[in-house]
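An overview of the molecular structure
The residues making up each chain are set out below.
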Amino acid sequence: MAFESLTEKLQNVFRALRGKGRLSEEDVKSALKDVKMALLEADVNFKVVKQFISNVTERAVGQDVMEGLNPGQMIVKIVNEELTSIMGSEVTDLTFRPGKEVTVFMLCGLQGAGKTTAAAKLATRLKLKSKKTLLVACDIYRPAAIDQLKRNGEKAETEVFALGTDVKPAKIAKEAYDYAVKNAFNVVILDTAGRLHIDDSMMDELKEIKAAVDVHETLLVVDAMTGQDAVNVATEFNEKVGIDGVILSKADGDTRGGAALSVKAVTGKPILFASNGEKLNDMEPFYPDRMANRILGMGDVLTLIDKVQAANEERDVQKDAEMAKRLKKGKFDFNDYLESMKQMKKLGGFASILSMLPGMGIKAGDLDSDEAELKLKRTEAIVLSMTKQERENPKLMSPQRKFRIAKGAGVDISEVNRFIKQFEQSQKMMKQFPGMMGKFGGKKGRFPF
Amino acid sequence: MAETEKVKEKTGFFEKLKNGLSKTRKGMMSGLNAVFHGFSEIDDDFYEEIEEMLVMGDVGVKTSGEIIEELKKAIKENKIKEPMGARELLCNMLKEKMAVPGDAYDFENQKSVIMIVGVNGVGKTTTVGKLAGRMKENGKKVLVAAADTFRAAANEQLTEWSKRAGVDIISSGEGTDPASVVFDAVNAAKARKTDVLLCDTAGRLHNKKNLMEELRKMNKVVDREYPDAHRETWVVLDATTGQNAINQAREFDSVADLNGIVLTKMDGTAKGGIAIAVMNELNIPVKYIGVGEGIDDLERFNPEEFVDALFINEEE
């Protein structure tokens, strides 16, 4: 998870701070020096850091701190507030044209920032919002860029518009727009070629596209791992082409992600999404305040709650109700188990849930998430190797059946035994605490993972 | 294809480097020059300003601090009083730090297998294409392997590059096991008596364990199938990347024993200072730099010219 290392650093700084009863001016200054170093190492732009530190110092040294009952907490609060004020405090979402008008989004950025992937992820998102989206291949330079978009379009089940590599991008955009209007599309996403912000002729190309079609929002895709140069890139794109927002890509690396802070601070343009995985649904809205919290190690429970809600929206209410009923009676079977595992996957798997919980932020790095996911996969294989009858009636299990299941799942028989034992235990447990289910899953009835 | 349309003037190495680096120079070192010219004596503020400039050039807090300490020591030892004298010292220090070992390009004279690794979007496929073109031009028999079976159309991208470079390619469908592509490629290289086999691999974030294991597996295949080949693994780093590049290099090194770095996208405003940090912390030499999208836009890394170009005054 991005920002993790920065979180660790700041937590260490504040741990030292928390241990003290009262803070002297030197304490504040030395703590902030560490914060400064942490931010610089996180690739936050130098000028942004300077401004940040001077703001915090101004507020922390003197009155604010002297009057506070817990000076350490006071500094945490100020750092957090200043961080939030840089990042912006509101979530920004895409806006759309009214009624049946076609909304055009243009993605731009440096080479390798992840525009094509972001375009497909955006299309996937918009599909959930029931928007009919057209992906447009405006990258006529990079070999096979069009193929890549087409392939991603297939995966995202979204139509791709391409005119090959011999047509000017502005013309492609225009024809795509006309096509979209004629065929009642809601949204057009223009995937443009990667370009350097100092390449004037290439920057002009973006202006030409903007002149040819009415671009509703221009989105700059920025690699979360970008260094000090992020501000130059963002500033140039903003000044030359005009951007309306930013998509932060590759936020799932171990980068400290200071670029996010810098870009917002320097351009004033909001970060709309953070892209954090290889799969097409690995893109989340960017919550500036939560991100500030995450940096300070307060976890990101809110993101988790949102994910749970989104997963819930897709659920079959009736099926859930039936499952809850069976759960309360302690009569759930392997089918229910499989179903609840599916739910968890929708939440983004083990590691992603753990890392969002407060206090887990640091540990998530140590946690062998691959190992955990693997274990889950094996468990799933065990259940999938059972017959219909066995899944519905866990009591059927005999040694012969277990042996067959182990073979089918490609695991050791001891693993099957262990799993079934655990299953029986939780079955018993749930019978004993029917109230727990109400609390945990509400009407929906979820396993208490 | 626009690249072929864009008629590139054949420029000399130094010109190209200078053009590619001119933005770097403007970004970081013009600031540095201002520092050298702006101070009449060497004091704490002077050091602090240099350090700030280095940090702004992505050299990183740690390496910048170390460079400053070294510089202080050298200034004391050499009894230097003038800021311009300090400039020369710093220049030489950086050159020394960035020196490429003498055997860095020995692979050219042996049967070699070179794995190209790196995170997503740094320019691995483009680098493989350019390297293939370059080596082919030097009279080598080159084979490229499209072991990026993950990214959509990566295969097609490399195929296009192999056409431009005029070299053979071994590839397989999307989603196949990349180790099997490597297996086929290694055996093809042996059978065809290829000089250099270049393996393009899928971009992977270095903190994804499974993908790093996959890389290990590919290396094992080469070890087993082609034990007498000269082996190199190069990590491609984007010059725009910040401090994370150190983590990237470190993680890839722990899995695949890196012998070199290809620093791409040096034609932007990125300061490229991260190369200094990586070299300082991990001692992995930069072998090539990428300065554009054309097949010729890849050059051997020359620390002398790299540092000199960084320090040239803005005259034009």
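Since this is a predicted model, take the numbers as computed values, not measurements.

1. Some words on the sheet that holds strand 5 (residues 217-223) of chain A
Residues and elements named next belong to chain A.
- Within the open sheet, the eight strands sit side by side as 3-2-4-1-5-6-7-8. Their pairing is mixed. Looking along the sheet, the strands with just one partner apiece sit at the ends: strand 3 (159-161) and strand 8 (283-285). Strand-to-strand twist across the sheet, computed as the mean angle between neighbouring axes with direction ignored, equals 25°.
- As paired strands, strand 1 (residues 103-108) and strand 5 are joined by four bridges and run parallel to one another. Within strand 5, the position partnered with Leu107 by the bridge is Leu219.

2. Considering the sheet that holds strand 8 (residues 298-300) of chain B
Residues and elements named next belong to chain B.
- Spatial strand order, 3-2-4-1-5-6-7-8: eight strands in an open sheet with mixed pairing. Two strands close off the open sheet at either side, each with one partner strand: strand 3 (168-170) and strand 8. In this sheet, neighbouring strand axes are inclined to one another by 25° on average, regardless of whether the strands run parallel or antiparallel.
- Pairing of strand 2 (residues 142-147) with strand 3 involves three bridges; the strand directions are parallel. Considered in strand 3, the bridge of Leu143 is made with Asp168.
- Each of strand 2, strand 3 and strand 4 (196-201) is contacted by helix 8 (residues 178-191), which is oriented at about 165° to strand 2, the strand it contacts most.

3. Observations regarding the packing of helix 4 (residues 61-77) of chain B against helix 5 (residues 83-97) of chain B
All names here are of chain B.
- Running from N to C, helix 4 and helix 5 cross one another at 125°; their axes reach a closest spacing of 10 Å. Relative to helix 5, helix 4 is oriented oblique. You can see that helix 4 and helix 5 cross each other, and the crossing is right-handed. Every residue of helix 5 that contacts helix 4 at Ile67, Glu70, Leu71, Ala74 and Ile75 is listed here: Ala86, Leu89, Leu90, Met93, Leu94 and Lys97.

4. Quick notes on the environment of Leu131(B)
Residues and elements named next belong to chain B.
- On the secondary structure map, Leu131 appears in helix 6 (residues 124-137).
- A relative accessible area of 0% places Leu131 in the buried class.
- Sequence-wise, Leu131 and Lys217 are 86 residues apart; in three dimensions their C-alpha atoms are separated by 24 Å.
- The contact partners of Leu131, leaving out residues within four places of it in the chain, are Ile116, Leu198, Trp234, Tyr288 and Leu298.

5. Looking at the pairing of strand 4 (residues 187-192) of chain A
Residue and element names in this part refer to chain A.
- Of all the six residues making up strand 4, six are buried; the element is thus mostly covered by neighbouring parts of the structure.
- The alternating pattern of strand 4 places Val187, Ile189 and Asp191 on one face and Val188, Leu190 and Thr192 on the opposite face, and all of these are buried.
- One ladder, built from five bridges, connects strand 1 with strand 4; its direction is parallel. Counterpart to Val104 in the pairing with strand 4 is Val188.

6. Structural notes on the domain arrangement of chain B
- Entries for chain B in the domain assignment read domain 1 (13-97) and domain 2 (106-300).
- When each unit is reduced to the centre of its C-alpha atoms, the spacing between domain 1 of chain B and domain 2 of chain B is 32 Å.

7. Here we look at the nonpolar core
- In terms of nonpolar packing, the biggest core is built from 95 residues, with Ile50(B), Met135(B), Leu197(B), Leu198(B), Trp234(B), Leu263(B) and Val278(B) touching the most fellow members.
- Looking at this core, the element that brings in the most residues is helix 11 (residues 274-282) of chain B, giving seven residues.
- A domain-level breakdown of this core finds at least three residues from each of domain 1 (13-97) and domain 2 (106-300) of chain B.
- Sequence-distant contacts of Leu198(B), defined by excluding residues within four places in its chain, comprise Ile114(B), Val128(B), Leu131(B), Ala132(B), Met135(B), Val142(B), Leu143(B), Val144(B) and Ala145(B).
- By size, the runner-up hydrophobic cluster in this structure holds 68 residues, among which are Ile53(A), Ile86(A), Val102(A) and Ala193(A).

8. Looking at the side chain of Glu205(A)
Residue and element names in this part refer to chain A.
- Here Glu205 is to be found in helix 9 (residues 200-212).
- Since its relative accessible area comes to 6%, Glu205 is described here as buried.
- A polar contact of 2.3 Å, which involves the side chain of Glu205, links it to the side chain of Tyr141.
- Not counting chain neighbours up to four residues away, the residues in contact with Glu205 comprise Tyr141, Pro169 and Arg195.

9. Thoughts on the packing of aromatic side chains
- Following the criterion strictly, the structure yields 11 aromatic pairs over all chains and no others.
- Judged by centre distance (6.3 Å) and plane angle (45°), the rings of Phe419(A) and Phe423(A) are tilted. Of the two residues, Phe419(A) and Phe423(A) both sit in helix 21 (residues 413-432), four residues apart, roughly one turn of that helix.
- By relative accessible area, which is 2% here, Phe423(A) ends up buried.
- Following the ring pairs from residue to residue traces out a cluster consisting of Tyr105(B), Phe107(B), Trp234(B) and Tyr288(B).
- Here Lys132(A) stacks its cationic end above the ring of Phe185(A), 4.4 Å away from the centre of that ring.
- Lying over the aromatic face of Trp161(B), Arg164(B) brings its terminal NZ or CZ to 4.8 Å of the ring centre.

10. Observations concerning the pairing of strand 6 (residues 260-264) of chain B
All names here are of chain B.
- With respect to burial, strand 6 is a largely interior element, five of its five residues being buried.
- Of the two faces of strand 6, the one lined by Gly260, Val262 and Thr264 and the one lined by Ile261 and Leu263 are each fully buried.
- Across five bridges, strand 5 (residues 230-238) lies against strand 6 in parallel orientation. Paired with Trp234 across the two strands is Gly260, which belongs to strand 6.
- In this view, the connection linking strand 5 to its parallel neighbour strand 6 by way of helix 10 (residues 244-256) has right-handed handedness.

11. Description of unusual backbone geometry
Residue and element names in this part refer to chain A.
- Despite not being glycine, Ala144 shows a phi value in the positive range, around 65°.
- Relative to the assigned elements, Ala144 resides in the loop between strand 2 (133-138) and helix 7 (145-155).
- Non-glycine residue Ala184 carries a positive phi angle of around 55°.
- Tracing the chain through its elements places Ala184 in the loop between helix 8 (169-182) and strand 4.

12. Topic: the interface of chain A and chain B
- Taken together, the contacts link 39 residues of chain A with 44 residues of chain B.
- Across the chain A/chain B interface, buried area totals approximately 3700 Å², and carbon plus sulfur atoms make up 54% of it.
- The largest contributions to the chain A side of the interface with chain B come from Pro143(A), Met225(A) and Glu278(A), which together make up 16% of the buried area.
- For the interface between chain A and chain B, the tally reads five salt bridges.
- The partner of Glu52(B) in a salt bridge is Lys50(A), and the shortest N-O contact between them spans 3.6 Å.
- The tally of links between chain A and chain B comes to 13 residue pairs in polar contact (both at pLDDT 80 or more).
- Within the residue set of the side of chain A that touches chain B, elements represented by two or more residues are helix 2 (25-41), helix 3 (46-60) and helix 7 of chain A.

13. Things to note about the packing of helix 3 of chain A against helix 3 (residues 44-56) of chain B
- It is the contact of helix 3 of chain A with helix 3 of chain B, at a shortest axis distance of 10 Å, that shows an interaxial angle of 120°. What the angle tells us is that helix 3 of chain A and helix 3 of chain B run oblique. On the side of helix 3 of chain A, the interface is formed by Phe46(A), Lys47(A) and Lys50(A), while helix 3 of chain B contributes Glu52(B), Val55(B) and Met56(B).

Conventions used here
- Residues numbered from 1 in each chain as written.
- Chains lettered and ligands numbered in written order.
- Predicted model: local features only at pLDDT ≥ 70, side-chain atom pairs only at ≥ 80, totals over all residues.
- Heavy atoms only, no water.
- Pairing = 2+ DSSP bridges.
- Helix = DSSP H or I, 4+ residues; strand = E, 2+ residues; numbered from the N terminus.
- Axes fitted to C-alpha atoms, helices over the stretch in contact; angles between N-to-C directions.
- Contact = heavy atoms within 4.5 Å.
- Parallel < 35°, antiparallel > 145°, perpendicular 65-115°, else oblique.
- Left-handed = near helix turned anticlockwise from the far one by under 90°.
- Buried < 20%, exposed > 50% of the residue type's maximum accessible area, 1.4 Å probe, protein only.
- Domains from an automatic or database assignment.
- Core = buried A, V, L, I, M, F, W, Y, C linked by side-chain atoms within 4.5 Å.
- Polar contact = N/O pair within 3.5 Å; in protein donor to acceptor, adjacent residues only side chain to side chain.
- Phe/Tyr/Trp six-rings, centres within 6.5 Å; stacked < 30°, edge-to-face > 60°.
- Lys NZ or Arg CZ within 6 Å of the ring centre and 35° of its normal.
- Right-handed = clockwise from strand over helix to strand, strands pointing away.
- Buried area = accessible area lost by both parts, 1.4 Å probe.
- Salt bridge = Lys/Arg side-chain N within 4 Å of Asp/Glu carboxyl O.

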